[in-house]
Amino acid sequence: MNKRSGIRATGGVVAATAVALMAVQGSSADAGGRETPVAEHTTVCAGTQSAHSLPGRETSSALRLAIYTDKRGGTRHKSVFTSVSVDERGNSVSVYRIPSKAFDADICGHAEKGVKVRIHDSDVTRRQLSAMVDRVGDDMDRWDGRFALYTVGLDGSGHVVFGVDDRATAEPILKKAFGKFWAKHILVEHTGEPRLD
């Protein structure tokens, strides 16, 4: 079983920080070229804090904010936090969360000058998404004979991503199997069989 996690940033080398993120840039395509849905409502704020007001001088201001957001989202705001992604080249952070004025104020209030924060509405928490990944991961062979499921993990926009050998066959089966609510949070992509080197 291969569960994906980590930060994938567009346009920059990312420090090996233990944060469960995958970068997806809002409305069009992610770094892998995969189309992703647009959040229904997005608000934008611009950073006002002085440079290096967040820890981590060796990283970019956008990455520092993404790390801060992930930590706060995993603790104080875990009942609303979905995910966070970073675009270092664009010096921006995208945050997905169940609407919360308190979380929005926390993140925007810690953004450094020059960082743009895009806050997208969601209807699922990272805890729910992670539970879904664990559930699927415990039963990876469930669809053997119809398609091969190689990977399952989270991306940065509130989706569970399934890596399969046959996307056309797998996508309708997976969406039907998990029901209407989860269908909108499932992305299926073609992936080659993982190799152990």
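Look a little higher up for the structure.
Residues numbered from 1 in each chain as written. Predicted model: local features only at pLDDT ≥ 70, side-chain atom pairs only at ≥ 80, totals over all residues. Heavy atoms only, no water.

Regarding the overall build of the protein
Condition: Numbered from the N terminus, helices here are DSSP runs of H or I no shorter than four residues, and strands are runs of E no shorter than two. The rule is simple: take the accessible area with a 1.4 Å probe, protein chains only, and divide by the maximum for that residue type; under 20% is buried, over 50% is exposed, in between is partly exposed. The contact criterion used is simple: two residues touch if any of their non-hydrogen atoms lie within 4.5 Å. In these tables, accessible area is a Shrake-Rupley quantity obtained with a 1.4 Å probe, and a residue counts as shielded only by the protein chains included in the view.
Summing up its helical and strand segments, the protein has 4 helices and 8 strands in all. Relative to its full complement of 197 residues, the protein shows a buried share of 49%. By sequence separation, contacts in the protein at least 24 residues apart represent 64% of the contacts at least 6 residues apart. By element, 50% of the accessible surface of the protein is carried by carbon and sulfur atoms, the whole surface being about 9900 Å².

Regarding the nonpolar core
Heads up, the condition is: Among the buried residues, those of types Ala, Val, Leu, Ile, Met, Phe, Trp, Tyr and Cys that are joined through side-chain atoms within 4.5 Å form a nonpolar core.
Formed by 21 residues in total, the largest nonpolar core has its most connected members in Leu65, Val93, Val95, Ile107 and Val117. At the level of secondary structure, the elements contributing two or more residues to this core comprise α1 (61-74), β3 (81-87), β4 (92-97), α2 (101-110) and β5 (116-121). Residue contributions to this core peak at 6 residues, all from α1. Membership of the second largest hydrophobic core comes to 20 residues, among which are Val133, Met140, Phe147 and Phe162.

Comments concerning the state of the cysteines
The line we're drawing: Any pair of cysteine sulfurs within 2.5 Å is marked as a disulfide.
Throughout the structure, instances matching the rule amount to 1 disulfide. Across the disulfide, cysteine 45 is cross-linked to cysteine 108 (sulfur-sulfur distance 2.0 Å). Note on the cysteine 45 and cysteine 108 pair: the S-S dihedral is about -90 degrees, so by sign convention the disulfide is left-handed. Placement of cysteine 45 in strand β2 (residues 42-46) and of cysteine 108 in helix α2 is noted, with a sequence separation of 63 residues between them. Of the residues examined, cysteine 108 reaches a relative accessible area of 18% and is grouped as buried.

Concerning the pairing of strand β7 (residues 160-164)
The condition is simple: At least two DSSP bridges between two strands are required for those strands to pair. When the strands point away from the viewer and the connection leading from the first strand across the helix to the second strand turns clockwise, the crossover is called right-handed.
With 5 of its 5 residues buried, β7 lies for the most part within the structure. Neither face of β7 is open: one carries Val160, Phe162 and Val164, the other Val161 and Gly163, and all of them are buried. In this structure, the hairpin formed by strand β6 (residues 149-154) and β7 is closed by a connection of 5 residues, where glycine 158 is found at a positive phi of approximately 85 degrees. Sheet topology places β7 next to strand β8 (residues 186-190); 5 bridges connect them, and they run parallel. By the bridge assignment, valine 160 is partnered in β8 with isoleucine 186. Assessed by its sense of winding, the connection that carries the chain from β7 through helix α4 (residues 167-183) to β8 is right-handed.

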